[in-house]
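This is what each chain is made of:
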Amino acid sequence: MSTAVRPQLAACPGCVAAPNGTVEQAPTEARLALSLPSIHCQACISTVERGLNAVPGVRNARVNLTLKRALIEADPEVRALDLVPVLERLGFEAHELDLAALSATQTDQAGRDLLMRLAVAFFASMNVMLLSISVWSGASDATRDMFHWISAAITFPAILFAGQPFFRNAWQALRVGRLNMDVPIVLAIVLALLTSLWETSLSGEHAYFDAALTLTFFLLAGRYLDHRTRAVARSAAEELAALEVPRALRLDSAGQTVEVAVADLVINDHILVRPGGRMPVDGVVLEGQSELDRSLLTGETLPVFAEVGSSVSAGEVNLTGPLVIRATAVGNESSLHQLADLVAIAESGRSRYTSLADRAAKLYAPGVHILSGLAFLGWYLFTFDMRVALNIAAAVLIITCPCALGLAVPAVTTAASGRLFKKGMLIKQATALERLAEVDTVVFDKTGTLTNGQPHCDDFDQLSLSDQRLAFALAQGSDHPLSVAICRAAEQAGVEAIPLSGRQEVPGYGSEALYEGQRVRLGRAAWVGAEPGEKTAAYLDRGAGAPQALTFSDSLRPGAADAVEALLKAGKDVWLISGDAEGAVRDLATRLGIKSWIAAALPQDKCDQISLLSQQGHRVLMVGDGLNDTAALAAAHVSISPASALDAARVASDIVLLGQDLSPIAEACTVAQKATRRIRENFRIATLYNVIAVPLAVAGLATPLVAALAMSTSSITVSLNALRLR
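Since the structure is predicted, the reported quantities are computational estimates derived from the model, not experimental observations.

What counts as what
Residues numbered from 1 in each chain as written. Predicted model: local features only at pLDDT ≥ 70, side-chain atom pairs only at ≥ 80, totals over all residues. Heavy atoms only, no water. Helix = DSSP H or I, 4+ residues; strand = E, 2+ residues; numbered from the N terminus. Buried < 20%, exposed > 50% of the residue type's maximum accessible area, 1.4 Å probe, protein only. Contact = heavy atoms within 4.5 Å. Areas by Shrake-Rupley, 256 points an atom, 1.4 Å probe, with all protein chains shown as cover. Pairing = 2+ DSSP bridges. Axes fitted to C-alpha atoms, helices over the stretch in contact; angles between N-to-C directions. Core = buried A, V, L, I, M, F, W, Y, C linked by side-chain atoms within 4.5 Å. Phe/Tyr/Trp six-rings, centres within 6.5 Å; stacked < 30°, edge-to-face > 60°. Patch = residues over 30% accessible without salt bridge, like charges linked within 9 Å, V, L, I, M, F, W, Y side chains within 5 Å. Salt bridge = Lys/Arg side-chain N within 4 Å of Asp/Glu carboxyl O. Parallel < 35°, antiparallel > 145°, perpendicular 65-115°, else oblique. Nonpolar A, V, L, I, M, F, W, Y, C, P; charged D, E, K, R; others polar. Expected span 1.5 Å × (residues − 1).

1. Let's talk about the overall build of the protein chain
Secondary structure assignment for the protein chain yields 26 helices and 26 strands. Taken over 726 residues, the protein chain has a buried fraction of 54%. Contacts in the protein chain between residues far apart in sequence, at least 24 positions, make up 71% of those at least 6 positions apart. Of the roughly 30,800 Å² of accessible surface on the protein chain, 57% is carried by carbon and sulfur atoms.

2. Looking at the sheet that holds strand β18 (residues 510-515)
Reading across the sheet, the six strands line up as β16-β21-β20-β19-β18-β17 and stay open at both edges, with antiparallel pairing between neighbours. Both outer strands of the open sheet, β16 (451-457) and β17 (501-506), are each paired with one neighbouring strand and no more. Here the strands of the sheet are splayed against their neighbours by 15 degrees on average, with no regard to which way each runs. Two elements, β17 and β18, share four bridges in a ladder whose sense is antiparallel. When the sheet's bridge partners are listed, Gln504 is paired in β18 with Glu512. Packed onto the sheet, helix α17 (residues 465-475) meets β17, β18, β19 (518-523), β20 (537-541) and β21 (548-556) and runs at close to 75 degrees relative to β19.

3. Some thoughts on the sheet that holds strand β11 (residues 311-312)
Taken together, six strands build an open sheet; the order of strands is β6-β5-β7-β13-β8-β11 and the sheet is antiparallel. Sheet topology places β6 (257-261) and β11 at the edges, where each strand pairs with a single neighbour. Strand direction decides the pairing type here: strand β8 (residues 282-287) and strand β13 (residues 323-329), joined by five bridges, are antiparallel. Paired with Glu287 across the two strands is Val324, which belongs to β13.

4. Some remarks on the nonpolar core
Leu436, Phe444, Leu450, Leu621 and Ile665 are the most contacted members of the largest nonpolar core, which totals 41 residues. Sort the elements by how many residues they give to this core and helix α25 (residues 664-698) lands first, with nine residues. Beyond its immediate chain neighbours, meaning those up to four positions away, Ile665 contacts Met425, Phe444, Leu567, Leu621, Val623 and Ile640. Core analysis: the next-biggest nonpolar cluster, separate from the first, contains 34 residues, Ala188, Leu193, Ala212 and Leu397 among them.

5. Quick look at unusual backbone geometry
The phi dihedral of Asn268 falls on the positive side, at around 80 degrees, and the residue is not glycine. As for its position among the elements, Asn268 is in the loop between β6 and β7 (270-273). Residues other than glycine seldom take positive phi values, yet Glu516 does so here, at roughly 55 degrees.

6. Comments concerning the pairing of β6
Regular strands have side chains that alternate between both faces of the sheet. Across five bridges, the pairing between strand β5 (residues 247-251) and β6 is antiparallel. By the bridge assignment for β6, Leu251 is matched with Thr257. Connecting the antiparallel pair β5 and β6 is a turn made up of five residues, with Gly255 showing a positive phi of about 85 degrees.

7. Quick look at the packing of aromatic side chains
The final tally for this structure, using the stated rule, is seven aromatic pairs. Between Phe122 and Phe217, the aromatic rings sit 5.5 Å apart at their centres with planes inclined by 45 degrees, giving tilted as the arrangement. Within this pair, whereas Phe122 is found in helix α4 (residues 110-136), its partner Phe217 is found in helix α8 (residues 209-228), the two being separated by 95 residues in sequence. For Phe122, a relative accessible area of 40% gives the class partly exposed. Residue classification places Phe217 among the partly exposed residues on the basis of a relative accessible area of 22%. Feature note: the residues Phe305, Tyr509 and Trp527 constitute an aromatic cluster, connected by ring pairs.

8. Some remarks on the side chain of Lys606
Secondary-structure assignment places Lys606 in helix α22 (residues 603-615). Discounting residues that sit within four places of it in the chain, Lys606 has contacts with Asp445, Ile577, Ser578, Gly579, Ala601, Asn628, Asp629 and Ala632.

9. Focus on the environment of Ile398
Its location among the elements puts Ile398 in helix α13 (residues 386-399). Measuring from C-alpha to C-alpha, the distance between Ile398 and Leu215 comes to 8.4 Å, with 183 residues separating the pair along the chain.

10. Some details on a nonpolar patch on the surface
There is a patch of nonpolar side chains on the surface, built from Leu688, Val691, Ile692, Leu696 and Leu701 and spanning about 520 Å² of accessible area. By the secondary structure assignment, Leu688 is in helix α25.

11. Points about the packing of α13 against α25
Relative to each other, α13 and α25 sit at 175 degrees, their axes nearing to 9 Å. Taken together, α13 and α25 sit at an angle that is classed as roughly antiparallel. Listed contacts from α25 to Ile392, Ala395, Val396 and Ile399 of α13 are Tyr689, Asn690, Ala693, Val694, Ala697 and Val698. Within the contact of α13 with α25, the residues separate by chemical class into nine nonpolar, one polar and no charged.

12. Thoughts on helix α5 (residues 141-162)
Spanning 22 residues, α5 covers 31 Å between terminal C-alpha atoms, matching the ideal 32 Å at 1.5 Å per step. All of the buried residues in α5 are Arg144, Asp145, Phe147, His148, Ser151, Ala152, Thr155, Ala158, Ile159 and Ala162.

13. What about the packing of helix α20 (residues 560-569) against α25?
Across the interface, α20 lies against α25 with an axial gap of 7 Å and an inter-helix angle of 35 degrees. Touching Ala563, Ala566 and Leu567 of α20 are Ile665, Ala666 and Cys669, all from α25.

14. Points about the pairing of strand β15 (residues 441-444)
Here β15 shows no split at all, with Thr441 and Val443 on one side and Val442 and Phe444 on the other all buried. The pairing of β15 with strand β22 (residues 573-577) spans four bridges and is classified as parallel. Among the inter-strand pairings, Thr441 is bridged to a residue of β22, identified as Asp573. Alignment of β15 against strand β24 (residues 620-623), held across four bridges, turns out to be parallel. Looking at β24, one finds that Val443 is bridged to Met622.

15. Side note on the pattern of salt bridges
Tallying each qualifying case throughout the model produces 17 salt bridges. With its nearest N and O atoms 3.0 Å apart, the salt bridge here joins Arg79 to Glu259. In this pair, Arg79 is assigned in the loop between β3 (69-74) and α2 (80-89) and Glu259 in strand β6, connecting sequence segments 180 residues apart. In this structure, the salt-bridge partner of Arg524 is Glu291, at a minimum N-O distance of 3.1 Å. Residue Arg524 is located in the loop between β19 and α19 (525-528), and its partner Glu291 is located in strand β9 (residues 290-293); the two are separated by 233 residues in the primary sequence.

16. What about the environment of Arg79?
For Arg79, a relative accessible area of 27% puts it in the partly exposed group. Along the sequence, Arg79 and Val58 sit 21 residues apart, while their C-alpha atoms lie 10.0 Å from each other.

Encoded structure:
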């Protein structure tokens, strides 16, 4: 078995994902977890679940499409290694995940929490408004006071619960000596409550509990809109840790294999890695020869030959022959774990980006507070009436409360995200659109991003029928990517394999067999006695005559050429950085018109190049799909990965491309720039509103209730302006 290149399940015509992207209920006490990066629809879910549930010993298997993960309840003797081949035969790529590492990732409840607080604020504000109608209708004295006290009893616990996100964020900002948008919001809410309580205790005519609740409701609505625009991203570093092999086969002093936890391995342990297995640690080959699939770590499409003395890294896949390796780095020192650390560092650097709203708050909040304080002081010195001064100060704070600014960003983000979703792009991060609008450089990965990642046999149809049948027969049963491509070409051509005897696969070289008494081979040039060419090729030795070359290329993803062309026309600097061989990278760059390219790049090289471009003042968009791209995705100013990407790449990115077509990437940059212009327009609308409303409040011409109504009007205005994006 192998996890190198597997036949992908054909896209199901008309297949539709589940409404929420998940299966109703996953096993509650799963023993095993498998990552399934190639599933994409409800038909895939059904196929996987049927296949797993048919395996003896599996009690229950459920698939989560959002996480692209299967959770399995099974008997103790069932191992992940037994289930991976089942999924491969069904056409799905599968990797075992470490449940212990995944348990560290907490289920996000932010969306439900915000929705619950929004519902409480709405319910409470409706009840208090009903009570306020009685007061506005002429209720007086004891009746009015009773309604005010009932309103207070509803409002205080409702705001204490519903307003917690604002209180918490404001406190965190003040604790470190800075201001954000939530500081003036909290001050406005608190002052409205205190003013209302003061008026109620003095049997005053007006209380503004409904204004405080309405303000809280509008702000929570904006916060919930912001949350709904993006998928909740899990930690890419935790996903990488979960991809580490949880168990390994260690050789004891007698040479017998013992299954142990990878955490128990130490340097110089001898470990057996069977064909199809992933390297649990970094090491050196002591026995055997095989080919290694390094695509997860380097992006190379073709396997690399490994023999005694070759170095191997954790996460690489052993393809064709058993290997015994000596561990040279384990645990935190392994290359896979260091890649996880690299991603974590890169993520923390990108998280320091300050949104437009917070940048506006740094200028806006101090002015609002000073103005409100001066209004209170001026009116108190003028009237020596604490109630009048407090009411005017509250009106100033409420009328200048940055509700419009708080809605400016999420309203635009929601409209823009809805437009991009129709084009097949899902925005995950809150500030992704703002960062995307600033991009001037785009870096593409090659394999699986610009190309499909599956070799295609270019000249199979140019072979004679007998050679086609012979090549098909030799390629059958092999998991080598080139053999898989030959089989696919033969099946499409309707060719039948000829009968062979004694067929065997020679690890690292190819396949050989006997045909009509002659030895025939399909494999490397040197093995069959051919001169290697510049293009990727396998060579067919028919037992007589010169070997016949079968050349291969990687086909472009739909829309790849259009996306690159549109980005270049828009004035973007486009790079191609790949772990693939120089010839393949150069050919693709020439084909697409990309002038800047780097080949044979390791994960650290990609991350370093993006850091270098950033240091030069460029705003970099990284588009990638592999494990080797995760650090670069996290280090870039903004990042995009296809939905078919490995879990760790998808969670490290800001935007997920839901379909196969890459052409929406250029449009996303344009929409992001328009969205940023709308956000700035909303800021100007809010500023103009304040220029008109603030003098009225300072002059005492606006009560806190009128201020709340004016604030709501400005919020509706910026929301309508945002809808122009749709």
